[in-house]
Amino acid sequence: METLSPAMEAEPAPAPGTAGASARREFERRQARREERIRTKHPRLGGLILALSDDPQSTTAWNSGALGEERLGHGLDGCASDTVRLLHDRRIPGTRANIDHLAITPAGVLVIDAKRYVGQRPALVVEGGLLRPRIEKLKVGARDQTKLVDGVLKQVELVAGLLGDALPVQGCLCFIEADWPLIGGAFTVRGVDVLWPKKLYPRLAAAGPFDASVAEAHALLAAALPPA
């Protein structure tokens, strides 16, 4: 990626987008469909049924995810500057998937996946070694959630392909409201950093050699990955 010309630098920066927007829309869509279904089936008692029952977990999970993305997005926005630019909730073309957050900084690009697992502790589990291949897994609470690492690695590969060799790309899983220990806690699984917001924010302020490439990389990624 070439250094920006003064004329390019004068162009307005693309809007960062709205954190959690697509997850919030999906939650509201599912909630509205459930209400319509119940009111249609029970014209007289629909309101009472809705008042006395909760949304199914498949619906509330979207609300929880949206809250996590919104809260992390707000914190990330507080780190923004001319040399730290952000993109939120970006659609991956040709799929229904999205990238929660992208932070373009002088040290490189952070691909950030927000996860809200209230009160649960993320942990690194290592199997094998010595006589067997080393296998790293992500455990959250009592469940194997290595699939979350796989998802971030796919996003990192996509973003790195768009940027070429211009900037290094690092994947991050950022857990909101998780049960982190008082000392330590952050770790890396298969090259993906696993941490929480207060550990993530200083990463955006890190110095690096790519100040001149931030604006162009931001514009390129904004064009290639539209708002979800």
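Small disclaimer: the values here were computed from a predicted structure and weren't measured.

Draft legend 1. Main features of the pairing of strand 1 (residues 85-91). Across the seven residues that make up strand 1, a large majority, six, are buried. Bridging between strand 1 and strand 2 (residues 98-105) involves six bridges; their strand directions are antiparallel. Residue Arg85 lies in a different strand from strand 2, and its bridge partner there is Ile104.

Draft legend 2. A look at the confidence of the model for the protein. Per-residue pLDDT for the protein averages 91, and the proportion of residues at 70 or more is 95%. Between the elements of the protein, mean pLDDT differs from a low of 47, seen in helix 1 (residues 6-10), to a high of 98, seen in strand 9 (residues 192-195). Note that residues 1-9 has pLDDT below 50 and, in this model, twelve contacts with residues that lie over four places away or in other chains.

Draft legend 3. Just helix 7 (residues 214-224), in detail. Regarding helix 7, the residues found buried are Val214, Ala217, His218, Leu221 and Ala222. The arc that holds the buried residues of helix 7, viewed along the axis, is 130°, so those residues lie on one side. The inward-facing, buried residues of helix 7 contact strand 1, strand 2, strand 3 (108-116) and helix 5 (146-163).

Draft legend 4. Structural context of unusual backbone geometry. The residue Glu177 is not glycine, and still its phi comes out positive at about 65°. When its relative accessible area of 35% is taken as the criterion, Glu177 is described as partly exposed. Within the chain, Arg190 stands out as a residue other than glycine whose phi angle is a positive 50°. According to the relative accessible area criterion, Arg190 is partly exposed, its value standing at 38%.

Draft legend 5. Molecular detail of the pairing of strand 4 (residues 122-129). As defined by bridge partners, strand 4 adjoins strand 5 (residues 132-140) across seven bridges and the pair is classed as antiparallel. Its bridge partner lying in strand 5, Pro122 is registered against Val140. Count of turn residues in the strand 4/strand 5 antiparallel hairpin: two residues, of which Leu130 carries a positive phi of about 55°.

Draft legend 6. Looking closely at the nonpolar core. If you look at the biggest cluster of nonpolar residues, it comprises 32 residues, and the most contacted ones within it are Leu102, Val159 and Phe175. The dominant element in this core, judged by the number of residues it contributes, is helix 5, at six residues. The contacts of Phe175, once residues within four sequence positions are left out, are Lys115, Tyr117, Pro122, Leu138, Val140, Leu148, Trp180, Val194, Leu195, Trp196 and Pro197. Val84, Ala114, Ile176 and Leu204 belong to the second largest nonpolar core, which has 14 residues in total.

Rules and cut-offs
- Residues numbered from 1 in each chain as written.
- Predicted model: local features only at pLDDT ≥ 70, side-chain atom pairs only at ≥ 80, totals over all residues.
- Heavy atoms only, no water.
- Buried < 20%, exposed > 50% of the residue type's maximum accessible area, 1.4 Å probe, protein only.
- Helix = DSSP H or I, 4+ residues; strand = E, 2+ residues; numbered from the N terminus.
- Pairing = 2+ DSSP bridges.
- pLDDT = per-residue confidence, 0-100.
- Contact = heavy atoms within 4.5 Å.
- Arc of directions from axis to C-beta.
- Core = buried A, V, L, I, M, F, W, Y, C linked by side-chain atoms within 4.5 Å.

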